[in-house]
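If you want the building blocks of each chain, they are given just below.
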Amino acid sequence: KTYIYRTKNINEPWEKRSLDGVYHHPSLLFDEDGRIYMGYGFNEVRILELNDTLTAPKEGGFERLLVEEKQDAYISYEGAHFYKKDGTYYFFSSKASGWYPSQTMYASANRIDGKWSPLKEIGNNSTYGVQFNYVQQTAGTRKTLGLWGFHWGAQYHHRDPDGTFTRISPATFNHGYASMNYFRFVEFHDQYGIIPVQNGRNLTLGTTVVPSHAPDDGSAAPDCITDGSDMASSPYFKSNHYPYSLTIELPQPSRISEINLATRLVNGSETAYKYTIEGSMDGQEYQTLIDGRNSWIVGFHILPVEDRSAYKFLRLNVFQIINVHNNHPATWADGIYEFTAFGFPL
């Protein structure tokens, strides 16, 4: 059963309305012309016009199927969210993946009853470790947009130490296209809105990657992990031997402040990587920077580096890939999408 609550003033009592019918994951859009639309769906996404009392579809009003793309038995659409920016309509949705992160998809249209674009990807293959929830514009002189998502860590079989929390990613919209990115720090300013603060310079973009073993069949070349592309449709590296390592030579010695690691999702049987990340100045003697051999993180790893030493080489060592639901080996699900190191060149 779906209920809608509304009030003219947030400090006044809220009015509860019951919406006739069954609507999965509804989202409301109040258009400038006074018309009210609701998107909803699970295996498909529909949009319909509501009556003025928000209790039923409007008689003779607009209704249509917007998205009907179910890619496999584990994928359904959740959190259908509609947003209007500069006269363009946008639809966003996550995928149902057992509380685990998923790739956010979106479509756009110049008219809500017109032709909508095909679904496009936004963010990265795990939406930076969250399940998309909604778009929100900040108050203040400079209007900025953010995509809010939930990291459902408290529900995991191997509970995330940080539990469940919200992650906010700055976003931009332009004539039917949208983009977002992850920043470790996001500040909210009364005048300037959302201000992203990157944790140093991207040190690894476009660098050469040397694997310890040859790629497996279907794997991309190892340099794919530093090409800046980590959508679900992007290429990933998969080894033909376990354990294996990937070594990156930085352009110059640098202090590493943070490492982000994006690993493959399979939308159902998610996996955790057991790994270490090491640093070296000469490519011979290595120092452990991150010990992830007991990690149960799925999809997107945010790894602050406490070591203040300078390094010229970084090495990712992958020991095991484990199914987080049954603790069985799952090398079939291997896939490193992106390895990004932030820091400060000397």
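Presented here is a report on the structure given in the accompanying data block. Bear in mind the structure is a predicted one, so any value in this text is a computation, not a measurement.

Comments concerning the overall build of the protein chain
No. 1: Along the protein chain, the regular secondary structure elements total zero helices and 24 strands.
No. 2: Relative to its length of 346 residues, the protein chain is compact, with a C-alpha radius of gyration of 22 Å against a globular reference of 20 Å.
No. 3: Each principal axis of the C-alpha distribution contributes one length, and for the protein chain these read about 75 × 45 × 35 Å.
No. 4: Per-residue burial over the protein chain gives 52% buried out of 346 residues.
No. 5: Put simply, the protein chain shows about 16600 Å² of open surface, and 48% of that area lies on carbon and sulfur atoms.
No. 6: In the protein chain, 30 positive and 38 negative side-chain charges are present, and the distance between their average locations comes to 4 Å.

Section: unusual backbone geometry
No. 1: For the bond running from Y242 to P243, omega is 0°, close enough to zero to count as cis.
No. 2: Residue placement: P243 occurs in the loop between β18 (209–211) and β19 (244–263).
No. 3: Positive phi values are uncommon outside glycine, yet Y128 reaches one of about 60°.
No. 4: With respect to the secondary-structure elements, Y128 resides in the loop between β10 (120–122) and β11 (131–137).
No. 5: One non-glycine residue, N327, adopts positive backbone phi at about 65°.

Some words on the environment of Y286
No. 1: When you line up the elements, Y286 lands in the loop between β20 (271–280) and β21 (287–292).
No. 2: Counting along the chain gives 231 residues from Y286 to T55, while the straight-line C-alpha distance between them is 65 Å.
No. 3: Excluding residues that lie within four positions of it along the chain, Y286 makes contacts with T247, E278, G279, S280, F313 and R315.

Structural notes on the nonpolar core
No. 1: With 28 residues, the main nonpolar core has I225, I256, I259, Y275, I277, L316 and F339 as its most contacted residues.
No. 2: The set of elements that each furnish at least two residues to this core consists of β19, β20, β21, β23 (310–323) and β24 (336–345).
No. 3: In terms of residue count, β19 provides more of this core than any other element does, seven residues in total.
No. 4: Not counting chain neighbours up to four residues away, the residues in contact with L316 comprise Y244, S245, L246, L261, Y275, T276, I277, I336 and F339.
No. 5: Formed by 20 residues, the second largest nonpolar core is a distinct cluster that contains Y83, F92, V135 and F300.

Examining the pairing of strand β5 (residues 45–50)
No. 1: By the criterion of burial, β5 is predominantly enclosed, with five of the six residues buried.
No. 2: Both strand β4 (residues 36–41) and β5 contribute to a ladder of six bridges, which runs antiparallel. Each residue of the ladder has a partner; that of G39, found in β5, is I47.
No. 3: Linking β4 to β5, which pair antiparallel, is a turn of three residues.

Quick look at the side chain of E278
No. 1: Summarising the element assignment, E278 is placed in strand β20.
No. 2: Taking relative accessible area as the criterion, E278 reaches 12% and is therefore assigned buried.
No. 3: At a separation of 2.8 Å, a polar atom in the side chain of E278 contacts the side chain of N317.
No. 4: If we skip the residues at most four places from it in the chain, E278 touches Y286, Q287, T288, L289, F313, L314, R315 and N317.

Brief notes about the sheet that holds strand β13 (residues 164–174)
Consider a sheet: its strands pair through backbone hydrogen bonds, and that pairing is either parallel or antiparallel.
No. 1: The antiparallel open sheet is built from four strands, whose spatial order is β11-β12-β13-β14. One side of each edge strand has no neighbouring strand; the edge strands of this open sheet are β11 and β14 (177–180). Across the sheet, the mean angle from the axis of one strand to that of its neighbour is 35°, orientation sign disregarded.
No. 2: Bridging between β13 and β14 involves four bridges; their strand directions are antiparallel. Paired with F173 across the two strands is A178, which belongs to β14.

Section: the packing of aromatic side chains
In this description, a pair of aromatic rings is defined by centroid distance and the angle of the planes.
No. 1: Throughout the structure, instances matching the rule amount to 19 aromatic pairs.
No. 2: Put simply, the rings of Y83, Y90, F92, Y106, F132 and F173 touch in pairs and so form one group of aromatic residues.
No. 3: Taking NZ or CZ as reference, K312 lies 5.8 Å from the ring centre of F313, over its face.
No. 4: Above the plane of the ring of Y286 lies R315, whose end atom (NZ or CZ) is 3.8 Å from the centre.

A few points about the side chain of H301
No. 1: Residue placement: H301 occurs in strand β22 (residues 300–304).
No. 2: On the basis of relative accessibility, which here comes to 0%, the residue H301 falls in the buried class.
No. 3: A polar contact is formed between the side chain of H301 and the side chain of Y275, at a distance of 3.2 Å.

Considering a nonpolar patch on the surface
No. 1: A surface patch of nonpolar side chains, about 490 Å² in accessible area, is lined by Y3, Y5, I10 and W14.
No. 2: Relative to the elements of secondary structure, Y3 occurs in strand β1 (residues 2–6).
No. 3: For Y3, a relative accessible area of 40% gives the class partly exposed.

So, the pattern of salt bridges
No. 1: Inspection of every chain in the model, using the stated rule, returns 10 salt bridges.
No. 2: Between E49 and K58 there is a salt bridge, with the nearest N and O atoms lying 3.5 Å from each other.
No. 3: Look at K58 and you get partly exposed, because its relative accessible area is 39%.
No. 4: Between R293 and D291 there is a salt bridge, with its nearest N and O atoms 2.6 Å apart.
No. 5: What makes R293 partly exposed here is its relative accessible area of 45%.
No. 6: D291 gets classed as partly exposed once you look at its relative accessible area, which sits at 46%.
No. 7: Sharing partners across several salt bridges, the network here consists of R6, E15 and R17.

What counts as what
Residues numbered from 1 in each chain as written. Predicted model: local features only at pLDDT ≥ 70, side-chain atom pairs only at ≥ 80, totals over all residues. Heavy atoms only, no water. Helix = DSSP H or I, 4+ residues; strand = E, 2+ residues; numbered from the N terminus. Rg over C-alpha atoms; globule rule 2.2 N^0.38 Å. Buried < 20%, exposed > 50% of the residue type's maximum accessible area, 1.4 Å probe, protein only. Areas by Shrake-Rupley, 256 points an atom, 1.4 Å probe, with all protein chains shown as cover. Lys, Arg positive; Asp, Glu negative; His and termini not counted. Charge placed at Lys NZ, Arg CZ, Asp CG, Glu CD. Contact = heavy atoms within 4.5 Å. Core = buried A, V, L, I, M, F, W, Y, C linked by side-chain atoms within 4.5 Å. Pairing = 2+ DSSP bridges. Polar contact = N/O pair within 3.5 Å; in protein donor to acceptor, adjacent residues only side chain to side chain. Axes fitted to C-alpha atoms, helices over the stretch in contact; angles between N-to-C directions. Phe/Tyr/Trp six-rings, centres within 6.5 Å; stacked < 30°, edge-to-face > 60°. Lys NZ or Arg CZ within 6 Å of the ring centre and 35° of its normal. Patch = residues over 30% accessible without salt bridge, like charges linked within 9 Å, V, L, I, M, F, W, Y side chains within 5 Å. Salt bridge = Lys/Arg side-chain N within 4 Å of Asp/Glu carboxyl O.

Note that all results are geometric; they support no functional claim without further evidence.
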